Each structure stands twice: as structure tokens, then as C-alpha cells.
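Coordinate inspection notes
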Amino acid sequence: MYWVGCMASYRVKEIAKSTVKILKHAQISFETLGSNETCCGSVLIRYGMLEEVEKLAKQTITTIENKNINTVATSCAGCYRTFAKDYYEYLDIKPPFTVLHTSQLLADIINNGKISVPDLAPLTVTYHDPCHLGRHMGIFEEPRQVIKAFNTKIIEMKNSYMNSNCCGAGGGLMSTYRELTAAIAEDRLREALETKTRYLITTCPFCVYNMRKTAETLNIPIQVMDLTEFVIKRIEGKL
Amino acid sequence: MKDWYEIYKNTIIETLSKEEITKTIKKAAQKITENKDNALKQIKNVEELLKRVREIRQNAIDQLETFIKEVKESIEAVGGTFYLAKTAEEANKKVLEICEEHEAKLVVKSKSMTTEEISLNEYLEKHNIEVIETDLGEFIIQQLEEKPSHFVAPAIHIPREKISKLFSKLTGEKISQEITEITLAARKLLREKFIKADIGISGANAIAADTGTILLVTNEGNGRFVTNAPPVHICIAGIEKINPTIEDAFIITRILPIYATGQTMTSYISLITGPSRTADIEFTTTIGVHGPKELHLILLDNGRTNMLKDPDFKETLQCIRCGSCLNVCPVYQRIGGTYGYKYIGAIGTIYTAFTHGMEKTAGPAYTCTLCAKCAQACPLELNIPKMVTKLRSRLQKAGYTAPPHQKVLTNILNTGNPFGEPEQTRTTWMKCDLQ
Ligand code: SF4
């Protein structure tokens, strides 16, 4: 099942669209919960509203369980961490299904030859490890493998992997102290600029939304994209 | 109570607008981290050392109540006095009492966050006692009437132009922006204060339970003057500064400079066990020769026992206040000392919750992005983001919910998404050209 997440459903729809296009391209059968999908509660956990999340968590798990799903893939680093770690860490609830982030799924698809990579002109990008995916969950290599599979070279930022810097959107800051979120995004974008690449790939809709908006506002010449957007653009020859 | 959010938010926006300050902080913080990484490479058995540090701190906190008793016995055995202050008020009163007993007019201090916590300077000044900070950074902050912005480098946010102006004013001479010229001016200004002071007040970086030894780490050497020149020395420290043995305490001071300033060792580590003494005349012990005749140790609780009893936050007491977590923090690098009340940064929000209450910590506690760079930089591997999340949970229960968070919750409950968008539009994206 593809778990879309609220950010990709409402705010960064390109991520949802790109993910579905890739899955179809790779001829993987999947379903979504459609309009029955509800917030997983990730943001509420960050706010400390742990009691309120418990109901949401149980409800979400039951909905997925009732569909007899055993693998859930999501393009959201926040939802991923919530399913794979937080429900257990904060609520003592273990979801009865396997959770994958799209970067893991994509790495797998590519390794199994389910996507034929066309002949592509070389490209140079940089990659931002989202906190929720990298430092918190240890997923560093899969997104990089996917990028490299499309004849693309990654120039690492000064702070990457475990040392990656936050984009500023985490911890509920985007709603409470928006100005600070933007300031931190600017710091991260400046680090990305130092790599002298034109594209910044990442794997979290919060990071994409925040850094993209900040880059636009401040006229920082770097294009921020989700990994799924990057892949589909490469497949379709638009990048 | 309802204004805490708006007030704090405005402080953040104001700080963000002072670009030269945030740039100075960021540069310094990054430099310390770089130095720390280099220093770590130079230490041979660093993993072993860190493992030992974690064991020591855990052991110290696990049996803290026993060790407090042991410290009392040890320090009294060497002729010092011991006092356990339950509250900030009690600690301040005790200091004042000692000052009054000695008719003290001038007090010199070496850097202590604990005295900052209890606002000791303000308290003594209210009682007409002059207090002079002697750590250069603290001295600058004090003279400029600013707030410290870092655990170990309190004046990190002040550019040198401003400092040279300050010293020119204080000395009545033209002091250039050359740092050596500034330090020379400070040396001249403070030297007479050390000699004239009636009382010296210091903090402690570690205390050994078995010997009652106070360990003080400095680079400038001011700690030595403060604890040695005046006839009376008062040391004020939180109860968590205790370590089981003198060897343990030394290991803490061994690791501290690496994480605090990126030095493999500081210039000075003072070990003070009781007041100055001699037995040179007929081998009869007499207290007070060149150093202080009196040593008073005031251990401060001020909410720490509550922390100790709280399984969600007990870990916090293991913190050695190195500030390494601050230096890597993206929020700290942008807003410096604004990120906290008395205690700065994510770990600081936990301290503040217990020492100053929920109202003071609410704003800063919601400022953490939970990115976890701090946990990675911490020599004790404290799970700071998890504690911040738990602290937020307590804040929510106490009624400190940030209005935007409340709105998101209402939206989720009503529409299933944080934005309050209609449920049926969740799938709008599917209707677009998906071949
Ligand atoms: S939390 Fe860890 S890194 Fe931060 S000051 Fe304490 S010991 Fe140092």
C-alpha cells in the first residue's frame, strides 16, 4: 500500500503524483486509502500531544489491518518514522505491518531491474539527509543509490549523513516560529550552494516544502526536489 | 499565562533581525565544534574514556542522595562547612549571611551558572554588596548588562568592536580591538579587585564525594585568584556536580575541556579540599595561611530532587554542562541566548522546567526542531530530543499549548489533516494526468 501522508496529499502534490507514476512505471500493484487516509499523528507527537495521538494511531492501524496489508510504503519521512519508531517508543503500539520509505522501495526496484534506466546525460546534484530519515532512522545509502543509478553524481555538503543539518521544519516549528524555520532553511540552502550544484534532492515533503519556499523567497539559485520527482523527471527525460 | 507564546515569538523575531549577532554566534559555535572534533582525534583512548565518563555520571546520579551525605562528612572533616539549600532563596540567604558575618563589601566571582540560576549577583547587589565577575566573558556581560549566550563562552555573541569600546570606557584609555590589549586591560582592572575582595565565590565543575574536593576548570586563571586571594571562599554548586571519588571527578574534568572548548586540556584545574592550613609549627594544624581561612560549600537543590525522582528526566542530571550540544544546534546558531531562560538550548529547557517552572520554559521548549544533532554531540549520549518531547507532553497537560499547535490538533480531529482542508479533496492530486 502507498501511504501518501498529509503533506504530499495537500501541500506538495508533485511527490504523490511522482510516486504513483514510478510505481505504475515499475508495474507494481498497489492501493491507497484514498480519502479514508487520515493524519498519522506525527506532528502531534512532536508537539507533545501524546494522549491525543493514541486514538489516531489505533484508528490508522485498524484501517490498514482491515485491508490485509502487510507492507506500507510512504514518501514521507515523518510518517515513516512515526510508523516505524514513534508508535512504539511513545505509545507502546507495534504496527502489524512492515513500513518502507519510498527511497528503500526504489532502491529495491532498481536493484531488481524493475525499472529500466534510460541512457542519460550525466548530472550533478547534492543530497540532503532529512533528520527523520537519516540520523533518526539510519537510512542514508538507499536514496543515494537511487540517485546514482540515474547517471547522477552526488556532491556531498559539508554536513551530511549523521552530521546533516536540519532544514528547520521539524519539531512543529513550521507552525509556531515560521520565521526561525525559514532562517534555518536558509542556512541549509547556503550549505547546499557551496557544492555548486543546481539541484538539491531530498526525501521528505517537509524539507522539500520548506527549503523550496525559502529558496524562492530569498532567490537562492538551487532547485529543491523530492527523490520521487527526481526519478520521474529522469525517466521521462525532463532532467 | 496565555501571552507566553506571543511574547517569546516576538523575542525570536527580534533576535533574528540582529544579523551581526547571529553571525558571530554561528562562527564561534562552528569553530568550537571543529576544535572538539580535532581534539577527540588526538586523545588515544577516547572511547574508553567516554565509556568511563558515562558510568561515573550514571553511578553518581543513581546514588546521589548517599553521595550528598558523603560530601558533607568529607568537607566537614577537612574544616569546611556544608550547607544544602533547598531553594534559590535559601542559597542566596546563606551567602548573604556569610557576607554579613564578614562585613563584606566586595565579592569577586569566577564563572558559575548556578549563581546565574539563582540570580545571586542581583540579590547581593540589592543588599549593597559589590559583585565583580572575573571570567573575562562574564565580566563583559556584567558590564554591558547583557545575558550570557553560551554555557562556557557567555560573551560569544558580542563582537570585539563593542568590547574594545567597553574597555576604553572602563579604563579611560584608548583600548584598541587587539585582543591582547583588551586582556591586558582586564588584567589590570581585575588584579586589585582580587586582592581587595572580602569574599570569593566560585562554582564547581565537579565535586568528589570521598574527599570533599572541589574541582574547578579555567583557562584564564581567575578561578585560582577567586578561590585563593580573598580570606573566605564560598562554592555554590548544584547537587548533580557530585562524583563518587576524586579519580572519577578528575575524569570528568579530563573530558570537559574537550567538549567545552575543543582543548585537550585547559590551562588550570584547581583541586580544593578544605580551607588553607599549616602544621609547620610544632605540627599543630592551624587553619588559614596564604589561602582562605574559611571554605563554605553550598549545594543547591532547587528542583533537582524532583528531577531525580522523575524517570523521564532523571538523565538530565548526568549533564556536565560542556555546551557541546549547543554548538551544533541549528536553532542555537540562529538565536543564541534567546533560546532559553537561564539555561540555554534543548537540555536547558529541561533544567529550566525544574528550576524555574513551566511558564519560563514553554517558549524555548517549543523551539527545538528535534533534529537530534545535540544527542549526537553529547559525550553522555543523553537522549535530549526524547526528553524535550516528554517535556512538551507535560507542558500540554499543564495548559501550555502553543495556539498554532492547538489549531493543528483541531484541524486533525475535524478533517483528518493538519491544514483543515476538506477530507474529500485529499485525493484531488490523483485526478491529474496520471497515465
Ligand atoms: S547535554 Fe550533553 S552535550 Fe549538552 S551540555 Fe550536557 S553533557 Fe554537554
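Residues numbered from 1 in each chain as written. Chains lettered and ligands numbered in written order. Predicted model: local features only at pLDDT ≥ 70, side-chain atom pairs only at ≥ 80, totals over all residues. Heavy atoms only, no water.

**Considerations on the site of the ligand**
Close to the ligand lie 14 residues; Cys319, Cys322, Gly323, Cys325 and Cys378 of chain B are nearest. Its residues assigned to classes, the shell around the ligand shows 11 nonpolar, two polar and one charged. (Near = heavy atom within 4 Å. Nonpolar A, V, L, I, M, F, W, Y, C, P; charged D, E, K, R; others polar.)

**Describing empty space enclosed by the protein**
One pass over the structure, following the stated rule, counts seven cavities of 30 Å³ or more. Lining the largest cavity we find 15 residues, and of these Cys6, Cys39, Ser42, Cys79 and Phe206 of chain A sit closest to its centre. If you list the elements that add at least two residues to the lining of the largest cavity, you get helix 1 (6–11), helix 3 (42–47) and helix 5 (77–91) of chain A. Tallied by class, the residues present in the lining of the largest cavity amount to 10 nonpolar, four polar and one charged. There is about 100 Å³ of room inside the second largest cavity. Around the second largest cavity sit 16 residues that line it, and Cys329, Tyr339, Ala346, Cys368 and Cys374 of chain B are the ones nearest its centre. Of all the secondary-structure elements, those providing two or more residues to the lining of the second largest cavity are helix 14 (324–327), helix 15 (330–335), helix 16 (345–356) and helix 18 (373–377) of chain B. (1 Å grid on protein atoms, 1.4 Å probe; cavity = no way out; pocket = protein on both sides within 12 Å on 5 of 7 lines; lining within 4 Å. Points joined across faces, edges and corners; volume = space filled by probe spheres on them. Helix = DSSP H or I, 4+ residues; strand = E, 2+ residues; numbered from the N terminus.)

**Structural notes on the sheet that holds strand 2 (residues 71–74) of chain A**
All names here are of chain A. Pairing within the open sheet is parallel, and its three strands lie in the order 1-2-3. The sheet is open, and its two edges are formed by strand 1 (2–3) and strand 3 (98–101), each paired on a single side. Relative to strand 3, strand 2 runs parallel, the two sharing four bridges. From the neighbouring strand, Thr74 faces strand 3, where its bridge partner is His101. (Pairing = 2+ DSSP bridges.)

**Some words on the pairing of strand 12 (residues 294–300) of chain B**
A regular strand places its side chains on the two faces of the sheet in alternate fashion. All names here are of chain B. The buried fraction of strand 12 amounts to six of the seven residues, a majority that puts the element mostly inside the structure. The pairing of strand 1 (residues 81–85) with strand 12 spans five bridges and is classified as parallel. In the sheet register, Leu84 faces strand 12, and the bridge partner there is Leu299. Pairing of strand 7 (residues 232–238) with strand 12 involves seven bridges; the strand directions are parallel. Its bridge partner lying in strand 12, Ala237 is registered against Leu299. (Buried < 20%, exposed > 50% of the residue type's maximum accessible area, 1.4 Å probe, protein only.)

**Observations concerning the domain arrangement of chain B**
All names here are of chain B. Examined at the domain level, chain B breaks down into domain 1 (4–33 + 323–408) and domain 2 (45–158 + 198–306). Opposite the 26 residues of domain 1 that make contact, domain 2 presents 25 residues. Taken together, both faces of the contact between domain 1 and domain 2 bury some 2200 Å²; the carbon and sulfur share is 61%. A per-residue breakdown of the area domain 1 buries against domain 2 is headed by Lys342, Tyr343 and Pro379, which together make up 25% of the total. Summed over the shared surface of domain 1 and domain 2, the result is one salt bridge. Remark: the boundary between domain 1 and domain 2 carries eight residue pairs in polar contact (both at pLDDT 80 or more). Elements with a minimum of two residues in the side of domain 1 that touches domain 2: helix 2 (19–42), helix 14, strand 14 (343–344) and helix 16. With six residues, helix 2 is the largest single contributor of residues to the side of domain 1 that touches domain 2. (Domains from an automatic or database assignment. Contact = heavy atoms within 4.5 Å. Buried area = accessible area lost by both parts, 1.4 Å probe. Salt bridge = Lys/Arg side-chain N within 4 Å of Asp/Glu carboxyl O. Polar contact = N/O pair within 3.5 Å; in protein donor to acceptor, adjacent residues only side chain to side chain.)

**Describing the interface of chain B and chain A**
Listed as interface residues are 56 residues of chain B and, on the opposing side, 56 residues of chain A. For the pairing of chain B and chain A, the buried interface totals around 4700 Å² over both sides, and the portion due to carbon and sulfur atoms is 63%. Per-residue buried area on chain B facing chain A is highest for Arg334, Arg426 and Trp429 of chain B; these three make up 17% of the total on that side. Across the chain B-chain A interface, the total number found is seven salt bridges. As a salt-bridge pair, Asp187 of chain A and Lys26 of chain B come within 3.4 Å of each other at their nearest N and O atoms. Inspection of the region where chain B meets chain A yields 23 residue pairs in polar contact (both at pLDDT 80 or more). At the level of elements, helix 1 (4–17), helix 15, helix 18, helix 19 (384–397) and helix 20 (403–415) of chain B are the ones that each hand at least two residues to the side of chain B that touches chain A. With eight residues, helix 19 of chain B is the single largest residue contributor to the side of chain B that touches chain A. The class makeup of the residues in the side of chain B that touches chain A is 27 nonpolar, 17 polar and 12 charged.

**Re the packing of helix 2 (residues 13–25) of chain A against helix 11 (residues 227–235) of chain A**
Residue and element names in this part refer to chain A. Packing of helix 2 against helix 11 leaves a shortest axis separation of 8 Å and a crossing angle of 50°. Taken together, the axes of helix 2 and helix 11 are oblique relative to one another. Note on packing geometry: the crossing formed by helix 2 with helix 11 is left-handed. Contacts between helix 2 and helix 11 pair Glu14, Ile15, Ser18, Thr19, Lys21, Ile22 and His25 from the former with Thr228, Glu229, Val231, Ile232 and Ile235 from the latter. Classifying every residue of the contact of helix 2 with helix 11 gives five nonpolar, four polar and three charged. (Axes fitted to C-alpha atoms, helices over the stretch in contact; angles between N-to-C directions. Parallel < 35°, antiparallel > 145°, perpendicular 65-115°, else oblique. Left-handed = near helix turned anticlockwise from the far one by under 90°.)

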